[in-house]
Amino acid sequence: QVQLVESGGGLVQVGGSLRLSCAASGRTFSTYAMGWFRQAPGKEREFVAGIKWSGGNTYYGDSVKGRFTISRDNAKNTVYLQMNSLKPEDTAVYYCAADKEGGSYYYIPTSKYYYDYWGQGTQVTVSS
């Protein structure tokens with residue numbers, strides 16, 4: 001059983017930084033793609049960033065390009081999301097997700113429907 005556990009959320013001021021972590025367990029993830037999504041109240045769940053576990057290819061949503069960086073640590077089975085220059089509109093619950101076939105695709109899936117496993121979410125609040 002795949003388990004994803006997020007951590008690192010919190011309250012930060014505009015322009016500040018946070019690093020989210022997603023600890024993955026229960027499988028060998030070499031064929032997986034991992035994604036970060038976010039959901040603000042009353043809005044759809046939005047793709048933020050994705051990475052292929054094998055090879056490290058990355059892809060970002062337009063709203064976070066140049067500010068957020070996704071990475072992974074194979075030895076720790078952990079995926080990170082470094083968030084810089086945070087804005088009030090980045091306020092949301094952030095979810096880590098795993099697509100068990102994503103590593104075989106040419107692209108990194110951006111639709112939530114491709115992802116098979118989800119973490120419980122971590123709240124990020126950016127105050128002005």
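Here the structure is shown first, and the text comes after it.
Residues numbered from 1 in each chain as written. Predicted model: local features only at pLDDT ≥ 70, side-chain atom pairs only at ≥ 80, totals over all residues. Heavy atoms only, no water.

### Side note on the state of the cysteines
A covalent bond between the sulfur atoms of two cysteines is what we call a disulfide. All told, the structure shown has one disulfide when counted by the stated rule. Across the disulfide from Cys-22 sits Cys-96; the S-S distance is 2.0 Å. Taking the sign of the S-S torsion, about -75 degrees here, the bridge from Cys-22 to Cys-96 comes out left-handed. Of the two residues, Cys-22 sits in strand β3 (residues 18–25) while Cys-96 sits in strand β9 (residues 92–99), which places them 74 residues apart along the sequence. Looking at Cys-96, the relative accessible area reads 0%, which means it is buried. (Disulfide = S-S within 2.5 Å. Helix = DSSP H or I, 4+ residues; strand = E, 2+ residues; numbered from the N terminus. Buried < 20%, exposed > 50% of the residue type's maximum accessible area, 1.4 Å probe, protein only.)

### Digging into the sheet that holds strand β8 (residues 78–83)
Strand pairing in a sheet is mediated by backbone hydrogen bonds. Such pairs are either parallel or antiparallel. Judged by pairing direction, the sheet is antiparallel, and its four strands sit side by side in the order β1-β3-β8-β7 without closing on themselves. Here the strands that pair on one side only, and so sit at the sheet edges, are β1 (3–7) and β7 (68–73). Strand-to-strand twist across the sheet, computed as the mean angle between neighbouring axes with direction ignored, equals 15 degrees. Bridge count between β3 and β8: six bridges; the pairing is antiparallel. Bridge pairing in β8 links Cys-22 to Val-79. (Pairing = 2+ DSSP bridges. Axes fitted to C-alpha atoms, helices over the stretch in contact; angles between N-to-C directions.)

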